[in-house]
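# Structural characterization, general
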Amino acid sequence: MAEDTTSQHSRRDFLSRAAMATGLAGGYGAFGMIAGRYLYPARSAETAWLYVSDINRLSDGESLLYEAPDGEKITVTRSTTTAGRVEFVAMSSTCPHLGCQVQWEPQNSRYFCPCHNGVFNPEGVATEGPPADAKQSLKRYPAQVEDGLLFLEVRTERLVAGNQGKIIEAPTCGNGPGHDPCLSPIAARGKERPA
Amino acid sequence: MTATRWFTDRLPISGDQLRELTNEPVPNHLKRWWFALGGTPAYLFVIQIFTGILLAFYYRASAVTAYDSVAFITNEAAFGWYIRSVHKWAATLMIAAVILHQMRVFFTGAYRKPREINWVVGMFILMCVLMLGFTGYALVFEQLSYWGATVGANIADQVPVIGGFIKRMMLGGDDYNSLTLPRFFVVHAAILPTTLVLLLVVHIAIIRMQGVTDFKFKDETEEKSGTFHFFPEHFYTELIIGLTLMLILSALATISPAALGNPANPLQTPEVIKPEWFFYVVFRWLKLFSVTVAVLSTGFIVFAMIAWPFIDEQIRKRTRFKDASVWIGIGAVIVIVAMTVWEAVVKH
Ligand code: HEM
Ligand code: FES
């Protein structure tokens, strides 16, 4: 009998301790969760589909340089598939290694990333440095053609709040009201693009 | 007399008790300068708290205002350049001193039983100090602050499983955004210093419990070894060291005051980009390997450093290389110094 009471005792003891521990953990845990949730960012970077250009502004193999509202420089190149479909590749200037901005080096026909010496060919494929070791390429933005107009899905803000996105270099200049500003004409990408 | 009574009636502490509390016997070999390397970062940390609070009066933590507020401190606030330069130089010296202190502990084998736990605490102190350096540099919001933080967050992103979470937590979003800088400020000025204080309290409590490792040096005669008193002898020594440090810091601050580079520009990574000198090793490492290899190997090395007292114990127990740690230590120091120098002399 005596044994029974002790074991009952210790069981009750255990249960009450467990209940206490659960209660405390739950109570403090709830406050911890609130703090954690408060700190964890809810919003992802905002993106939008933005109009870039009339597709006829570029002929096959030509490219233009577009500045997204967040300031990112995007190289847009036109090509036509064997099936005759017009396609656009919109290449980011953010290094896939650790996020620095790559720079086009016209004299070497390559993109160079100053952070850890990443090198990319004109197609955006890494050829040297850590991004090449990891077989990375410059990221591509989703592009879509609708009614002969080219749209890109880009981020609308970074640190500097959105301007509207503009073409900063293109092979031919649109003219007249309603056309994109066109700063300096460039040849096909990878050949004689100015710095 | 009555005033003393008034106090002792309310706070029952006697002078004797106070003396006992503060009067730790200190072994004589602490008179050798390299054993003071633990006290030096502690002193520098106090300077950091002091100058840091002063800087916080004028610093404004947001992407729009940060750079201008640092420029204000540097160029307009009376003695602002001095406060800022001392904060920067003390950080540099503190990191150097912590590293030297750790080397002293390593090469004298002072991490061995029973002091393994304090070595682990020390490693967390080291990481805390390095993170203070990293977050502090980000606050200036010049070009390197921005790109350093971006690269740092993307490194965190590569950590298996929890990387993405850490990166988002660090930046307050998917990329550097308007929520980022205030975070760095809170981490730098509140979270890390508090953590460091707690770690130091534990570190020093353990030292007091165990006593500093007792060494006998060949040139020590019997009566030269033994102990001397923390108060007043060691305390005076520390005061003198402290004043000397302040003079050195003031000289450094005057000769080479903290500069201000170009403001952060998210659209353009500078042609030549370097972190602070104490991250040169990691930076070189990142250039040598793909990011996955670099991150995993770094994680492995840090883990091995934390666990070193236990690894070392096994080596000594199971092999005949009793001094392996010394040779491994020398090798590691050579590699670290070589990589640091390499990074320092080349442009890319
Ligand atoms: C802000 C940073 C630090 C401060 C203020 C500090 C402070 C101290 C002090 C005052 C001592 C007494 C002995 C001496 O002065 O050398 C000590 C001992 C010790 N420290 Fe640190 N320390 C720091 C960082 C580190 C680091 C990074 C490690 C290693 C990873 C470390 C590991 C140890 C160990 C194991 C001891 C005991 C050694 C012995 O008893 O001889 N400490 N520390
Ligand atoms: S960020 Fe481009 S190479 Fe590292």
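The structure we're discussing is the one just above.
Notes on the structure follow.

What counts and what doesn't
- Every chain is numbered independently, its residues counted from 1 as its sequence is written.
- Chain A is the first chain written and ligand 1 is the first ligand written, with later ones labelled in order.
- With the structure being a predicted model, the display of local features is reserved for residues of pLDDT at least 70 and the display and counting of side-chain atom pairs for 80 or more, all residues being used for whole-chain, interface and lining totals.
- No hydrogens and no water enter the side-chain calculation; it runs on all heavy atoms of the structure.
- One bridge is not enough; two strands pair if DSSP finds at least two bridges between them.
- Each helix corresponds to a stretch of at least 4 residues labelled H or I by DSSP, and each strand to a stretch of at least 2 residues labelled E; elements are numbered beginning at the N terminus.
- The convention used is that axes are lines fitted to C-alpha atoms, helices contributing only their stretch in contact, and that angles between N-to-C directions extend from 0 to 180 degrees.
- Counting rule for disulfides: a pair of cysteine sulfur atoms within 2.5 Å.
- Orientation categories follow fixed angle ranges, with anything under 35 degrees roughly parallel, anything over 145 roughly antiparallel, 65 to 115 roughly perpendicular, and all other angles oblique.
- Note on contacts: a residue pair qualifies if any of its non-hydrogen atoms lie within 4.5 Å across the two residues.
- Gly falls in the polar group here, along with every residue not listed as nonpolar (Ala, Val, Leu, Ile, Met, Phe, Trp, Tyr, Cys, Pro) or charged (Asp, Glu, Lys, Arg).
- Burial classes follow relative accessibility: with a 1.4 Å probe on protein chains only, a residue under 20% of its type's maximum area counts as buried, one over 50% as exposed, and anything between as partly exposed.
- In this description, one arc is meant: the one made by directions from the helix axis to the C-beta atoms.

### Focus: the sheet that holds strand S12 (residues 166-169) of chain A
Residue and element names in this part refer to chain A. With antiparallel pairing, the five strands of this open sheet are ordered in space as S9-S4-S3-S2-S12. Two strands in the sheet have a free side with no partner beyond their single neighbour: strand S9 (140-141) and S12. Sheet topology places strand S3 (residues 73-80) next to strand S4 (residues 86-91); six bridges connect them, and they run antiparallel. Bridge pairing in S4 links Thr 77 to Val 89.

### Focus on the sheet that holds strand S8 (residues 126-128) of chain A
Residues and elements named next belong to chain A. Judged by pairing direction, the sheet is antiparallel, and its four strands sit side by side in the order S5-S6-S7-S8 without closing on themselves. Edge positions in the open sheet fall to strand S5 (103-105) and S8, since each of these has one partner strand only. Direction aside, the axes of adjacent strands within the sheet are offset by 40° on average. As paired elements, strand S7 (residues 118-120) and S8 share two bridges and run antiparallel to each other. By the bridge assignment for S8, Phe 120 is matched with Ala 126.

### Comments concerning the state of the cysteines
Residue and element names in this part refer to chain A. What the rule picks out here adds up to one disulfide over all chains. One disulfide in the model links Cys 100 with Cys 115; its S-S distance is 2.0 Å. Because the sign of the S-S torsion sets the handedness, a value of about -85° for the bond joining Cys 100 and Cys 115 places this disulfide among the left-handed ones. A residue pair is termed long-range when its members are at least 10 positions apart, and Cys 100 in the loop between S4 and S5 and Cys 115 in the loop between strand S6 (110-113) and S7 qualify at 15 residues.

### Concerning the packing of helix H12 (residues 291-306) of chain B against helix H13 (residues 308-318) of chain B
Residue and element names in this part refer to chain B. Where H12 contacts H13, the axes come no closer than 5 Å and their chain directions differ by 70°. On the basis of the axis angle, H12 is roughly perpendicular to H13. Mapping the contact onto sequence places Ala 304, Met 305 and Ile 306 in H12 and Trp 308, Pro 309 and Ile 311 in H13.

### Observations regarding the packing of helix H4 (residues 66-75) of chain B against helix H5 (residues 80-107) of chain B
Packed helices, taken two at a time, are described by the angle between their axes plus the distance between the axes. All names here are of chain B. The contact between H4 and H5 brings their axes to 5 Å, and the two run at 110°. With respect to H5, the axis of H4 lies roughly perpendicular. Residue-level inspection shows Val 70, Ile 73 and Thr 74 of H4 in contact with H5, the latter providing Gly 80, Trp 81 and Arg 84. Here the contact of H4 with H5 is built from residues that sort into three nonpolar, two polar and one charged.

### Some details on H13 of chain B
A turn of α-helix holds 3.6 residues, and therefore any two residues three or four places apart point the same way. All names here are of chain B. Along H13, the residues that are buried comprise Trp 308, Pro 309, Asp 312 and Ile 315. Buried positions in H13, seen along its axis, are confined to an arc of 125° and lie on one side of it. Opposite the buried face of H13, at more than 90 degrees from it, the exposed residues are Lys 317 and Arg 318. Buried residues along H13 sit against H5, helix H6 (116-139), H12 and helix H14 (324-345).

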